[in-house]
Amino acid sequence: MALCRSARFARMYHAERYSSLQPVTWILSDGNILNDYKAACIASALRTPYEVKRIYQSRLVPMLLRQKLTNLRSHLRPDFSGPLSHIDDAVSSDDLPQLAIAASNSCIPALLEIKQRTRGQSISVYLGLPNAKLSLIDALVLSRLDQMCLRYLGPARANLDNATSTLLPFSGTPTSLPLELPQTEGKPTIVVCIGSGIEPAGFKLRTSDIDVIAEGLEHAQSESLCILLSPAMSPHLRSKVLAQLVNRLRLSSRSDVQVVDYSLPNQPSPVNIIASASLVVASADDIASVSLAASLRRPVYIAGEERTTNILRNYYQVLDSSNLVRRFYPRESRYSYMVMPGISGDIDEYSALRDHEPWAKYDSQQDLDSIIAFIRQRIKVLNE
């Protein structure tokens, strides 16, 4: 009897303590500009004030996640007092938010720690496929590629009550940006996006792929050329890209090559750069840039798509059939022998293989509306 009474008082204490969470949203950041941008777009659409919290990254995180732990210090301190272990700011357990949003696997330990400290009272939102048990997250925003990866593991994995999905990964494209192509006289402006080098769904960037991209860009006529390097790119791959791509283009009378390296601080937003482009060339591993460019309704050409395998190949076939992307096969490049005879109409100079249907106009606003409706519905269900 005494045990039941103590348990009841304990529940009342925790309910009273954690019912006064701060009416604010935390955006958990690992320094990736694009991820922070997507999370901020969700918070703004929910019409809640938000704060960006930089996470503290530890090498022990992957091992602890496999054991379904958030961090070692939290288990050595069962009273949940003191500052959070995975956030750089000295935040106590009395200042926790009602909602936390993350878009990177490195932020998952902080997301789970907030959930653990509040005894499940806070709402966790994750953009993408987390490297953790899916039921630990309150609301998952998946892409068609994420769903295909889950379905590969088993049909039941793709049917989740705590998940919604869109065709493209959510990019956070605002409706205030111009969605029509910029009017350029003469040669277009090309933006080249190079990813981290590896896409687990079925692609690994090789040095030979970099040579193919450089050769194709040498044949591409453009007014200016901007190359965006992913912050997740390894130093070895970055040096290869700078030597084999950037230097080669500059040596071939392309003095207008600009490089934006997002591993360095104080770089311009990729959203504004891609919005000002006439067309975008993305390596097959850079899914985030493909999604952003297609959401901004820019022509998107995939470099290395012919070498994609498994799930990623099927996903690009879906995007190709939806007229959102095309393979990067510039005219007069090494792929000229593949040009199909009897092409009618104008030939796409950057994918001169076959007839293409007109580019589709992706509706990113519809994605945002459906995501916000889903998150609000999950908040209502979890608070009942």
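Everything here concerns the structure above.
The notes below deal with the structure included here. (Residues numbered from 1 in each chain as written. Predicted model: local features only at pLDDT ≥ 70, side-chain atom pairs only at ≥ 80, totals over all residues. Heavy atoms only, no water.)

1. Considerations on the overall build of the protein
Within the protein, the secondary structure is distributed over twelve helices and 14 strands. For the protein, the residues scored as buried account for 50% of the 384 residues in total. Intrachain contacts of the protein at a sequence separation of at least 6 include 70% that bridge at least 24 residues. (Helix = DSSP H or I, 4+ residues; strand = E, 2+ residues; numbered from the N terminus. Buried < 20%, exposed > 50% of the residue type's maximum accessible area, 1.4 Å probe, protein only. Contact = heavy atoms within 4.5 Å.)

2. Brief notes about the pattern of salt bridges
In this structure the tally under the stated criterion is seven salt bridges. The partner of Lys 115 in a salt bridge is Asp 138, and the shortest N-O contact between them spans 2.3 Å. Separated by 23 residues along the polypeptide, Lys 115 in helix α5 (residues 108-117) and Asp 138 in the loop between β4 (123-127) and β5 (139-143) bring together distant segments of the chain. One exposure class covers both Lys 115 and Asp 138, and it is buried. Between Glu 305 and Arg 327 there is a salt bridge, with its nearest N and O atoms 3.7 Å apart. Taken together, the residues span a long stretch of sequence, with Glu 305 in the loop between β13 (300-303) and α11 (310-321) and Arg 327 in strand β14 (residues 326-327) at a distance of 22 residues. (Salt bridge = Lys/Arg side-chain N within 4 Å of Asp/Glu carboxyl O.)

3. Some points on the sheet that holds strand β1 (residues 22-29)
Pairing within the open sheet is parallel, and its six strands lie in the order β2-β1-β3-β4-β5-β6. In this open sheet, the two edge strands, each paired with only one partner strand, are β2 (50-54) and β6 (163-166). With strand direction ignored, the average angle separating the axes of adjacent strands in the sheet is 20°. Sheet topology note: the β5/β6 ladder contains four bridges and is parallel. Bridge pairing in β6 places Leu 142 opposite Ser 165. Seen against the sheet, helix α2 (residues 33-45) touches β1, β2, β3 (97-102) and β4 and runs at an angle of roughly 160° to β1. Relative to β5, helix α6 (residues 144-153) is tilted by about 95°, and along the sheet it contacts β5 and β6. (Pairing = 2+ DSSP bridges. Axes fitted to C-alpha atoms, helices over the stretch in contact; angles between N-to-C directions.)

4. Observations regarding the sheet that holds β13
Reading across the sheet, the six strands line up as β11-β10-β7-β12-β13-β14 and stay open at both edges, with parallel pairing between neighbours. Only two strands of the sheet have a single partner each, and these edge strands are β11 (257-261) and β14. Of the pairings in the sheet, the one linking strand β7 (residues 189-194) to strand β12 (residues 279-283) comprises four bridges and is parallel in character. Across the sheet, residue Cys 193 finds its bridge partner in β12, namely Ala 282. Lying on the sheet, helix α7 (residues 207-219) is in contact with β7, β10 (224-229) and β13; it crosses β7 at an angle near 180°.

5. Some remarks on the packing of α2 against helix α12 (residues 364-383)
Running from amino to carboxyl end, α2 crosses α12 at an angle of 65°, the nearest separation of the two axes being 10 Å. Looking at the two axes, α2 sits roughly perpendicular to α12. For the crossing formed where α2 meets α12, the hand is right-handed. Residues Cys 41, Ile 42 and Ala 45 of α2 touch α12, and the partners they reach there are Leu 368, Ile 371, Ile 372, Ile 375 and Arg 376. Split by residue class, the contact of α2 with α12 holds seven nonpolar, no polar and one charged. (Parallel < 35°, antiparallel > 145°, perpendicular 65-115°, else oblique. Left-handed = near helix turned anticlockwise from the far one by under 90°. Nonpolar A, V, L, I, M, F, W, Y, C, P; charged D, E, K, R; others polar.)

6. As for the nonpolar core
Core analysis: the largest hydrophobic core is formed by 63 residues, its most contacted members being Ile 194 and Leu 245. Ignoring anything within four residues of it in the chain, the contact list for Ile 194 reads Leu 205, Ile 213, Ile 227, Leu 228, Leu 229, Ser 230, Met 233, Val 241, Leu 245, Ser 283 and Asp 286. Listed in part, the 24 residues of the second largest apolar core include Val 24, Ala 102, Ala 110 and Leu 134. (Core = buried A, V, L, I, M, F, W, Y, C linked by side-chain atoms within 4.5 Å.)

7. Digging into empty space enclosed by the protein
On inspection of all chains with the given rule, the structure shows four cavities of 30 Å³ or more. A volume near 70 Å³ is recorded for the largest cavity. Lining the largest cavity we find 13 residues, and of these Phe 170, Ser 171, Gly 172, Ser 295 and Ser 364 sit closest to its centre. If you list the elements that add at least two residues to the lining of the largest cavity, you get α10 (287-295) and α12. It is α12 that contributes the most residues to the lining of the largest cavity, three residues altogether. Looking at side-chain class alone, the lining of the largest cavity contains six nonpolar, six polar and one charged residues. (1 Å grid on protein atoms, 1.4 Å probe; cavity = no way out; pocket = protein on both sides within 12 Å on 5 of 7 lines; lining within 4 Å. Points joined across faces, edges and corners; volume = space filled by probe spheres on them.)

8. Focus: the packing of aromatic side chains
In this structure the tally under the stated criterion is three aromatic pairs. Here the aromatic rings of Tyr 301 and Trp 359 are separated by 5.5 Å at their centres, their planes lie at 80°, and the arrangement is edge-to-face. Taken together, the residues span a long stretch of sequence, with Tyr 301 in strand β13 and Trp 359 in the loop between β14 and α12 at a distance of 58 residues. Classification of Trp 359 by relative accessible area gives partly exposed; the value is 28%. (Phe/Tyr/Trp six-rings, centres within 6.5 Å; stacked < 30°, edge-to-face > 60°.)

The values reported here are purely geometric and, on their own, carry no functional implication.
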